[in-house]
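Take a look at the letters that make up each chain.
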Amino acid sequence: FFVISGYLITYSILESIDKGVFSFLDFYRRRIRRIFPALIPVLIATIIFGWFVLLEDEYAQLGKHIASSVGFIQNFILAEEVGYFDNSANTKPLLHLWSLSVEEQFYFIWPLIIYLTWKKKLNLITITSILLLISFIANIKYIDSKPVEAFFWSVGRFWEFLSGSVLAWLVFNKNNTLLSFNKKIDNYLILTYVGKNQRYKVERNILVNIISLMGIMILLYGVIFIHDNLKFPGNWALVPVIGTLMVIYSGPSALINRVLLANKLVVWIGLISYPLYL
């Protein structure tokens, strides 16, 4: 979720800046139109539902969670509520909105960084890589001593978005180089494992198909082996991040992406993924 968000938002902003049509007002207006029409009914339904099923102190806490969800600081509030005397997670119907808060905090900061970097003619990929490294180090540093903060706080999660941002920059600015690299590897694989005489019979895009398959396998590995008893994110977060990056990089020409991920049913689920998440 974070990797895809980082990739999409970075690519979109770079494209808008390149065309000379980027506007902060338009960017945040689109974010508001995207988020609140589905979020508000969910919050109202949660208030009504909570009235009937929660105890008085739990309902008061729900009010705080609704306010923090609207202000996109839910992750920080939840980080302070993990203790022996705090209410259990199953009395917090808006617990999952911590990730929406982290995403919106990234969306609040990142467009400004990209714009200023472009305005000052600085190297965006260098700045992105440095910020990614700082965030990842913070994630690793605090995963043992402050596991709750490492999970909820933005500083330890931004590297997941920024990994997608790095890929977006590479695809946007080095597209020809990437295509040339893919072609060279494809030629090598065909000549090595198929043979020169059979070359014309083999479908191209061998490399992206391998990358796509490996990405899916890495994601499945994460689904199977990442569980509640592991300290997450930490190093374990590299599994879904790397898997997602590989699937995105392989693009629409990869067989799995073309047949499975571009399937109409899967695309439809993707289009309604935000309200489903809510």
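Residues numbered from 1 in each chain as written. Predicted model: local features only at pLDDT ≥ 70, side-chain atom pairs only at ≥ 80, totals over all residues. Heavy atoms only, no water.

1. Topic: the pattern of salt bridges
Threshold: Any Lys or Arg side-chain nitrogen found within 4 Å of a carboxyl oxygen on Asp or Glu counts as a salt bridge. Comment: elements are numbered from the N terminus, with helices defined as DSSP H or I runs of at least four residues and strands as E runs of at least two. When a residue's accessible area, from a 1.4 Å probe over protein chains only, is under 20% of the maximum for its type it is buried; when over 50% it is exposed; and in between it is partly exposed.
Tallied over the full model, the rule gives seven salt bridges. The shortest N-O distance in the salt bridge between Glu81 and Lys92 comes to 3.2 Å. Remark: Lys92 occurs in the loop between α4 (74-79) and α5 (98-119) and Glu81 occurs in the loop between α4 and α5; sequence separation between them is eleven residues. Residue Glu81 shares its accessibility class with Lys92, and that shared class is buried. Several salt bridges share partner residues, and in doing so they unite Asp26, Arg29 and Arg30 into one network.

2. A short note on the packing of α5 against helix α8 (residues 158-173)
Each packed pair of helices is defined by two parameters, the angle between the axes and the distance between the axes. This is how the line gets drawn: What counts as an axis is a line fitted to C-alpha atoms, over the stretch in contact for a helix, and the angles between N-to-C directions run from 0 to 180 degrees. Working definition: roughly parallel below 35 degrees, roughly antiparallel above 145 degrees, roughly perpendicular at 65 to 115 degrees, and oblique for all remaining angles. Helix crossings get a hand from a simple test, with the near helix turned counterclockwise from the far one by less than a right angle marking a left-handed crossing and a clockwise turn marking a right-handed one. The contact definition used throughout considers only heavy atoms, calling two residues in contact when any of these lie within 4.5 Å. Classification convention: Asp, Glu, Lys, Arg as charged; Ala, Val, Leu, Ile, Met, Phe, Trp, Tyr, Cys, Pro as nonpolar; all other residues, Gly among them, as polar.
One can describe the packing of α5 onto α8 by two numbers: an axis separation of 10 Å at closest approach and a directional angle of 55 degrees. With respect to their mutual orientation, α5 and α8 come out oblique. Handedness of the crossing formed by α5 with α8: right-handed. Mapping the contact onto sequence places Val102, Glu103, Gln105, Phe106, Ile109 and Trp110 in α5 and Phe158, Phe161, Leu162 and Ser165 in α8. Of the residues belonging to the contact of α5 with α8, the class tally is seven nonpolar, two polar and one charged.

3. Section: the environment of Ala168
Mapped onto the secondary structure, Ala168 falls in helix α8. Sequence separation of Ala168 and Thr10 is 158 residues, and the distance between their C-alpha atoms is 6.2 Å. Other than its neighbours up to four places away in sequence, Ala168 contacts Tyr7, Thr10, Tyr11 and Leu14.

4. Focus on the side chain of Ser135
Secondary-structure assignment places Ser135 in helix α6 (residues 124-145). Contact partners of Ser135, with chain neighbours within four places excluded, come to Val155, Gly156, Arg157, Phe158 and Trp159.

5. A few points about the packing of helix α2 (residues 24-53) against α5
α5 packs onto α2 with a crossing angle of 170 degrees between their chain directions and a minimal axis gap of 11 Å. Classified by the angle their axes make, α2 and α5 are roughly antiparallel. Facing Phe24, Phe27, Tyr28, Arg31, Ile35 and Leu39 of α2, the residues of α5 in contact are Leu100, Glu103, Glu104, Tyr107, Phe108, Pro111, Leu112 and Tyr115.

6. Some details on α2
Our working definition: Expected helix span is computed as 1.5 Å times (number of residues minus one). We define the bend at each residue as the angle formed by axes fitted to the 7 residues ending at it and the 7 residues starting at it. Counting of polar contacts relies on pairs of N or O atoms within 3.5 Å, with two restrictions inside protein: one atom must be capable of donating a hydrogen and the other of accepting it, and residues adjacent in sequence are counted only when both atoms are side-chain atoms.
The end-to-end C-alpha distance of α2 is 42 Å, a good match for the 44 Å that 30 residues give at a rise of 1.5 Å each. A maximum bend of about 35 degrees is found in α2 at Phe36, where proline Pro37 lies one to four positions downstream. Listed in full, the buried residues belonging to α2 are Phe27, Arg31, Ile35, Leu39, Leu43, Thr46 and Gly50. The opening residue of α2, the one whose side-chain oxygen lies 3.3 Å from the backbone nitrogen of Leu25, is Ser23.

7. Focus on the confidence of the model for the protein chain
For the record, the criterion: Confidence scores here are pLDDT values: one per residue, from the predictor, ranging 0 to 100.
Residue-level pLDDT values for the protein chain average 89, and 89% of them are 70 or greater. Taking the mean pLDDT of every element in the protein chain, the minimum, 67, falls on helix α9 (residues 175-193) and the maximum, 96, on helix α11 (residues 238-250).

8. Some points on the environment of Thr117
Secondary-structure assignment places Thr117 in helix α5. In contact with Thr117, other than residues within four places in its own chain, are Leu122, Asn123, Leu124 and Ile127.

9. Some thoughts on the nonpolar core
Convention followed: Within this scheme, the nonpolar core is defined by two criteria: the residues are buried Ala, Val, Leu, Ile, Met, Phe, Trp, Tyr or Cys, and they are joined through side-chain atoms within 4.5 Å.
If you look at the biggest cluster of nonpolar residues, it comprises 34 residues, and the most contacted ones within it are Ile9, Ile13, Phe106, Trp110 and Ile114. For this core, the element with the highest residue contribution is α8, accounting for nine residues. Dropping the residues within four chain positions of it, Ile13 is found in contact with Phe22, Phe27, Pro111 and Ile114. Counting twelve residues, the second largest nonpolar core, distinct from the first, contains Ile35, Ile66, Tyr274 and Leu278.

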